[in-house]
Amino acid sequence: MVEPNVNRTVTSLLDDVRRGDPSALSRLFAIAYDKLLEIARIQRRRQPSTETLNTTALVHEAFIKLFGSEALDFNDRAHFMAVAATAMRQILIGHARRKSAAKRGAGQEPASFEEVERALASEAGFVTPKTDALLALDRALEQLLQRSERQARIVECRFFGGMSIEETAIALGISPATVKRDWSMAQAWLHREIQRDLG
Amino acid sequence: MTREPSFGPDEWSRLEALWETARGLPADQRDELFASHAVDGALRAELESLLDHARTAETFFDRLLTVVPQAGPTVPPDEPDAKAQDSAACRRDARTRPYADPMIGATVGHYQIVARLGHGGMGIVYRAVDLRLRRTVALKLLRAQTPDNLRAKDRLLVEARAAAALDHANICTIYEVGETGEHSTFVAMAFYPGETLDQVMRRGPLPLSIALDYATQIARGLGAAHERGIIHRDVKPANIIVTADGVVKLLDFGIARIPDVDVSREGVTPGTLAYMSPEQVTSRALDQRTDLWSLGVVLYEMCTGVRPFGGAHAGAILYAILHDSPAPVSTLRRDVPQRIESIIARLLAKDPRQRYCDAEQLIADLVAISDVPPHPKRNTDPEAAFEHIARAAGPNGNRATATREPAADVPKWRWLRHASWYGVALLALGALIVSWPGARQPTVSDRRIAAEDLTTQGKRDVLFRSESGRRQSLSLFRQAIAVDSTYAPAHASLAHILVLSADEAGGSRRKQLIEAEKAARTAIGLDSVLADAHAALGDVLLFDYQLARAEEQFKRAIDLNPNEPYVREFLVWLYIFMDRPRDALEQAERAAEDNPKSPTAIAEVARALLVNGRCSEALEHLGRLMYVQPPPARAAGIAAQCYARQRMWQKAIDELRPVAERNPLQVEPWLGFMLARAGQTESAQQTLKRLLERWRRGDGGAYAVAVVYAGFGEFDKATEWLDKSIDDRSLRYNIMEPAFEELRRDPRFDRVRNRLGIPKR
């Protein structure tokens, strides 16, 4: 499964990213993005019945495919996953946008916050409210980025990358306690903004 | 979005600094904190507002996280009439929002409605919970009654009840058809997580291997219904569910067959019309071949992605069905082999007489193309099959990857042709999806529901099933384990069925028992207080002649659950084996007390009466079971023994003959025995020859041969073969039944008795 050349490339890219090379970051991002999309598509073919997917599993699979299972230490792994989390966010939001456009085209109004909450509570997969909630989350995250880049990055890692508190802490070079506090506060803040946004 | 322009980076840092402490405090103790840190004005308002949101935010994100929509190609907007059973695929109707549906949360009968799944021609389908059995069901509520459809409802009930009797892996199981005062009629069906074929096909044509597999499964479901004289009449993709592990389920059996709501009379949508046969659209008499036409349309669409008879309006579709030949499949898709093309052409023959006569013929052709044996187990060593699954499901990533490659690239259907057994391949794939660390994991409850469902289906009447029925159960239990390997009852059931079908395993009986023991111990390991798990182990030990240890397990099972079905029936066998006829009768009577209507319990009372020498009472009991023709093999076998005891050999032969064909392995030896006794030496010799031949081929046990030799009174040979039958584990407890009485009195039998550890009375 591990493609040797790619493996070397991504490992050295990771080094470059750590040294602060912005072009390495964008290249790594592109690789992660393509790999995630590819895995997501394979999964969709394999299990077409599912509307949701396990982002954590996806990011991990992408990691294994790019690096092999033991090729990297915990540090590198966390750094890669943080990049993959951003890629994951773009993939999911892109998908939600397309889906939402199709719904709007069919004359459906965006869901209200109340509808979103009920949809989430009902277990059943009412897709539209969830899509709307994701798009609202994306908009709110952009706002959060203005106030605290760190919190926004934490949300990306935790929510879109399915990363643990520890992994997030390593990837962002902060303490786990900070991650915990920021994650809790960011959730409250985002929740409020999403509610205001959807009305 | 910035609502508080005065709120700068400093304020944000102060919020962060205060966050942890403030969150930890109850609301009424925060004032102190705010005062001591000089938090007021906008900052205080902001902090209070965020704290207020913090309470619900975490749940909100947890839930949102579990429902992140799947990335990938855009799915086209759903048609409003989509009829989905999958909660995940559940769609919001543009007009009526499901959560505004007053039925959500309502109780109908003993079902509580949870969510709306979709709506079809006759009513709305909900996901509901069966409050009694604590399982998820799909509940169809029929439209409110008007005088017009009252008659329709009556017919519906008749039809749905007929359909409820259909017990087949490819037919949606109907649990109950009922009525409630307020909500009129409902149908409770099995809930299958998955999506309708029509949703599957919206993503385009299917890989040929998959299309053939689905068509074969649909044909199997239809075949089972046709055998019972039930025609579906509304076979279409929206009525076909594909579960998450690729099992096809036909929905709405019989429900279509109500003239008053007949599709041809009202509201025919193109989605329905397009699948109707020429005889159906012209309202001529219908037989099973109408379903085969519809299946042809579905197969065509699966292969090409388009319907063979299309048109902008109903009239055009009608005309096309009656007069047009569809474009050859190969013009739309190059990789379709000629043989698929001819199957489709034959299904879509305008004249029903030129179609296949029945589903069986079609299945044979479909199977021939895919190189798939018609019965999933026919040419497979179950051991190998199991290893295959185990390997795929195993923790070793590399191995899983090796199997995974072809799976990820399904269109190369050659891979399937190379698989020794197609069913195994599918199961392995299922197991793989579950085990592969990167795959989207179905939720635990999804898998558990599916495993429960498969196990329940497999267990239905399992003890009275014929050989092919047992094979079906076996594969259902294996699927259940592949879906959820931690579901103990599936392992226990697997152990039982492996023991019960040990005779069909021919030469690998012992291997099968080993596997059964493994399954039983796995079940106990997963749930040590599961009565059925201990019963299963007892069952294995009984057939491995470890009689005392078997008794321990059965008793443990009864301690754990005095009502566990079948345990006392196993005890009857055990006590007969141990030559304790009175204990056997006691257990049989208690089993029948617990389950007065259970046919197996009734049969075991008869058997126990038989070994206690009370033959006429036994026959009286059996009379309650013999009203069906042919009668259950087990009942016929006991009756034959009763007659044998009274030396009425011909009557015994008459009992056995009708059931011998369907259960050759169990019945034929005894038929040979009776023939020998009756002096029909030539037929008996032929039977003996056949059984010897079977034994040489490794398909039959030594016990079968011993039984016929005993019939001939050749005790030397009989005991010699009984010796062998202990070695190959084919000897059965019925060695202690009356037919062998003479042999048992012979000193040559002592050796057998000693080997089995049965004390001499």
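Residues numbered from 1 in each chain as written. Chains lettered and ligands numbered in written order. Predicted model: local features only at pLDDT ≥ 70, side-chain atom pairs only at ≥ 80, totals over all residues. Heavy atoms only, no water.

As for the overall build of chain A
Thought 1: Along its length, chain A carries nine helices and zero strands.
Thought 2: Ordering the α and β elements of chain A from the N terminus gives α-α-α-α-α-α-α-α-α.
Thought 3: Per-residue burial over chain A gives 59% buried out of 199 residues.
Thought 4: Split by element, the accessible area of chain A, about 7600 Å² in all, is 50% carbon and sulfur. (Helix = DSSP H or I, 4+ residues; strand = E, 2+ residues; numbered from the N terminus. Buried < 20%, exposed > 50% of the residue type's maximum accessible area, 1.4 Å probe, protein only. Areas by Shrake-Rupley, 256 points an atom, 1.4 Å probe, with all protein chains shown as cover.)

A few points about the overall build of chain B
Thought 1: Broken down by element type, chain B carries 35 helices and nine strands.
Thought 2: A total of 761 residues make up chain B; the buried ones form 57% of that total.
Thought 3: Expressed as a percentage of contacts within chain B between residues at least 6 apart in sequence, the contacts between residues at least 24 apart total 62%.
Thought 4: Surface summary for chain B: the accessible area is close to 32000 Å², and the carbon and sulfur share equals 50%. (Contact = heavy atoms within 4.5 Å.)

Overview of the confidence of the model for chain A
Thought 1: Of all residues in chain A, 77% have pLDDT values of 70 or greater, and the mean over the chain is 77.
Thought 2: Per-element averaging of pLDDT across chain A places helix 1 (residues 4–18) of chain A at the bottom with 68 and helix 9 (residues 176–198) of chain A at the top with 92. (pLDDT = per-residue confidence, 0-100.)

What to know about unusual backbone geometry
Residues and elements named next belong to chain B.
Thought 1: Unusually for a residue other than glycine, Y545 sits at a positive phi of about 65°.
Thought 2: One non-glycine residue, R647, lies in positive phi territory at about 60°.
Thought 3: Summarising the element assignment, R647 is placed in the loop between helix 28 (633–645) and helix 29 (649–660).
Thought 4: When its relative accessible area of 54% is taken as the criterion, R647 is described as exposed.

Remarks on helix 9 (residues 289–304) of chain B
Thought 1: Given a rise of 1.5 Å per residue, 16 residues ought to cover 22 Å, and the 23 Å separating the end C-alpha atoms of helix 9 of chain B matches this to within 8%.
Thought 2: By the criterion of burial, helix 9 of chain B is predominantly enclosed, with 16 of the 16 residues buried. (Expected span 1.5 Å × (residues − 1).)

Digging into the environment of A327 of chain B
Thought 1: If you trace the backbone, A327 of chain B turns up in the loop between helix 10 (314–323) and helix 11 (329–332).
Thought 2: Sequence separation between A327 of chain B and R307 of chain B is 20 residues; the distance between their C-alpha atoms is 9.9 Å.

Focus on the side chain of R30 of chain B
All names here are of chain B.
Thought 1: Mapped onto the secondary structure, R30 falls in helix 2 (residues 30–36).
Thought 2: In this structure, R30 is buried with no salt-bridge partner, the nearest side chain bearing the opposite charge being E48 at 6.1 Å.
Thought 3: Those residues in contact with R30, other than ones at most four positions away along the chain, are A22, L25 and L51. (Lys, Arg positive; Asp, Glu negative; His and termini not counted. Salt bridge = Lys/Arg side-chain N within 4 Å of Asp/Glu carboxyl O.)

A closer look at the pattern of salt bridges
Thought 1: One pass over the full model with this rule turns up 47 salt bridges over all chains.
Thought 2: Note that R89 of chain A is salt-bridged to D138 of chain A, the shortest N-O span being 2.9 Å. You can see R89 of chain A sitting in helix 4 (residues 74–105) and its partner D138 of chain A sitting in helix 6 (residues 127–147), a full 49 residues away along the chain. In this pair, the class of R89 of chain A matches that of D138 of chain A, namely buried.
Thought 3: Of the charged contacts, one joins R748 of chain B and D716 of chain B as a salt bridge, the two residues approaching to 3.1 Å between their closest N and O atoms. Taken as a pair, R748 of chain B in the loop between helix 34 (741–745) and helix 35 (750–756) and D716 of chain B in helix 33 (residues 715–727) lie far apart in primary sequence, 32 residues in all.
Thought 4: The exposure class assigned to R748 of chain B is partly exposed, which follows from its relative accessible area of 36%.
Thought 5: A single salt-bridge network, built from bridges that share partners, covers R89, R97, D138, E142, R153 and E156 of chain A.

Some words on the confidence of the model for chain B
All names here are of chain B.
Thought 1: Confidence along chain B averages 76 in pLDDT terms, with 75% of residues attaining 70 or more.
Thought 2: For the stretch residues 69–100, pLDDT sits under 50, and the model shows 103 contacts to residues farther than four places along the chain or on other chains.
Thought 3: Throughout residues 256–270 the model reports pLDDT below 50, and contacts reaching past four residues in sequence, or to other chains, amount to 27 contacts.
Thought 4: For this predicted complex, the interface score ipTM comes out at 0.84, alongside a pTM of 0.40.

Examining the packing of helix 29 of chain B against helix 30 (residues 664–677) of chain B
All names here are of chain B.
Thought 1: Where helix 29 meets helix 30, the axes come as close as 9 Å, and the angle between the chain directions of the two elements is 155°. Taken together, the axis directions place helix 29 and helix 30 in an arrangement best described as roughly antiparallel. When you trace helix 29 past helix 30, the crossing you get is left-handed. In contact with W649, A652, I653, L656, R657, V659 and A660 of helix 29, helix 30 contributes P664, V667, W670, L671, F673, M674, L675 and R677.
Thought 2: Considering only residue class, the contact of helix 29 with helix 30 consists of 13 nonpolar, no polar and two charged. (Axes fitted to C-alpha atoms, helices over the stretch in contact; angles between N-to-C directions. Parallel < 35°, antiparallel > 145°, perpendicular 65-115°, else oblique. Left-handed = near helix turned anticlockwise from the far one by under 90°. Nonpolar A, V, L, I, M, F, W, Y, C, P; charged D, E, K, R; others polar.)

As for the side chain of Q280 of chain B
Residue and element names in this part refer to chain B.
Thought 1: Tracing the chain through its elements places Q280 in helix 8 (residues 278–281).
Thought 2: A relative accessible area of 10% places Q280 in the buried class.
Thought 3: At 3.4 Å, the side chain of Q280 and the side chain of T290 are in polar contact.
Thought 4: Setting aside residues up to four positions removed in sequence, Q280 forms contacts with R233, L286 and T290. (Polar contact = N/O pair within 3.5 Å; in protein donor to acceptor, adjacent residues only side chain to side chain.)

Some remarks on the nonpolar core
Thought 1: Ranked by internal contacts, the top residues of the largest apolar core, which has 117 residues, are F577, M674, L731 and I735 of chain B.
Thought 2: Leaving out residues up to four positions away in the same chain, M674 of chain B has contacts with A640, A644, W649, A652, I653 and L656 of chain B.
Thought 3: Judged by nonpolar contacts, the second largest core, of 74 residues, contains M81, V83, A133 and A152 of chain A. (Core = buried A, V, L, I, M, F, W, Y, C linked by side-chain atoms within 4.5 Å.)

A look at the sheet that holds strand 9 (residues 248–250) of chain B
Each strand in a sheet pairs with its neighbour through backbone hydrogen bonds, running either in the same direction (parallel) or in the opposite one (antiparallel).
All names here are of chain B.
Thought 1: Pairing in this open sheet of three strands is antiparallel, and the strands run 7-8-9 from one edge to the other. Because the sheet does not close on itself, it has two edges, and the strands there are strand 7 (194–196) and strand 9. Between one strand and the next, the sheet's axes are offset by a mean angle of 25°, whatever the strand orientation.
Thought 2: As judged from the three bridges shared by strand 7 and strand 8 (residues 240–243), these two strands associate in the antiparallel manner. Opposite T196, over in strand 8, you have I241 as the bridge partner.
Thought 3: In the packing of helix 6 (residues 208–227) onto the sheet, contacts are made with strand 8 and strand 9, and the angle to strand 9 comes to roughly 40°. (Pairing = 2+ DSSP bridges.)

Here's the deal with the environment of W670 of chain B
Residue and element names in this part refer to chain B.
Thought 1: Topologically, W670 is positioned in helix 30.
Thought 2: Remark: the alpha-carbon pair of W670 and L656, spanning 14 residues in sequence, is separated by 7.9 Å.
Thought 3: If we ignore the near neighbours within four places in the chain, the residues touching W670 are Q641, L656, Y703, V707, N734, A739 and F740.

Here we look at helix 26 (residues 599–611) of chain B
Residue and element names in this part refer to chain B.
Thought 1: Compared with the 18 Å implied by 1.5 Å per residue over 13 residues, the 19 Å span of helix 26 between its first and last C-alpha is a close match.
Thought 2: For helix 26, the set of buried residues is T600, A601, I602, A603, E604, V605, A606, R607, A608, L609, L610 and V611.
Thought 3: Buried residues belonging to helix 26 abut helix 24 (567–577), helix 25 (581–594), helix 27 (615–623) and helix 28.
Thought 4: Backbone geometry just downstream of helix 26 places G613 in the positive-phi region, at approximately 80°.

Considering the pairing of strand 8 of chain B
Each regular strand shows side chains that alternate between the opposite faces of the sheet.
Residue and element names in this part refer to chain B.
Thought 1: On strand 8, burial covers both faces: I240 and V242 on one face and I241 and T243 on the other are all buried.
Thought 2: Bridge analysis of strand 8 against strand 9 gives three bridges, and the strand direction is antiparallel. Within strand 9, the position partnered with I240 by the bridge is L250.

Quick word on the packing of helix 9 of chain A against helix 1 (residues 9–24) of chain B
Thought 1: It is the contact of helix 9 of chain A with helix 1 of chain B, at a shortest axis distance of 10 Å, that shows an interaxial angle of 100°. By the criterion of interaxial angle, the relationship of helix 9 of chain A to helix 1 of chain B is roughly perpendicular. Packed against helix 9 of chain A, whose contacting residues are R181, D182, S184, M185, A188 and W189 of chain A, the element helix 1 of chain B presents W12, L15, E16, W19, E20 and R23 of chain B at the interface.
Thought 2: Taken together, the residues of the contact of helix 9 of chain A with helix 1 of chain B break down into six nonpolar, one polar and five charged.

Overview of the packing of aromatic side chains
All names here are of chain B.
Thought 1: By the definition in use, this model includes 18 aromatic pairs over all chains.
Thought 2: Taken together, a centroid distance of 6.4 Å and an interplanar angle of 85° make the contact between Y703 and F740 edge-to-face. Of this pair, Y703 sits in helix 32 (residues 702–712) while F740 sits in the loop between helix 33 and helix 34, and the two are 37 residues apart along the sequence.
Thought 3: Residue classification places Y703 among the buried residues on the basis of a relative accessible area of 6%. (Phe/Tyr/Trp six-rings, centres within 6.5 Å; stacked < 30°, edge-to-face > 60°.)

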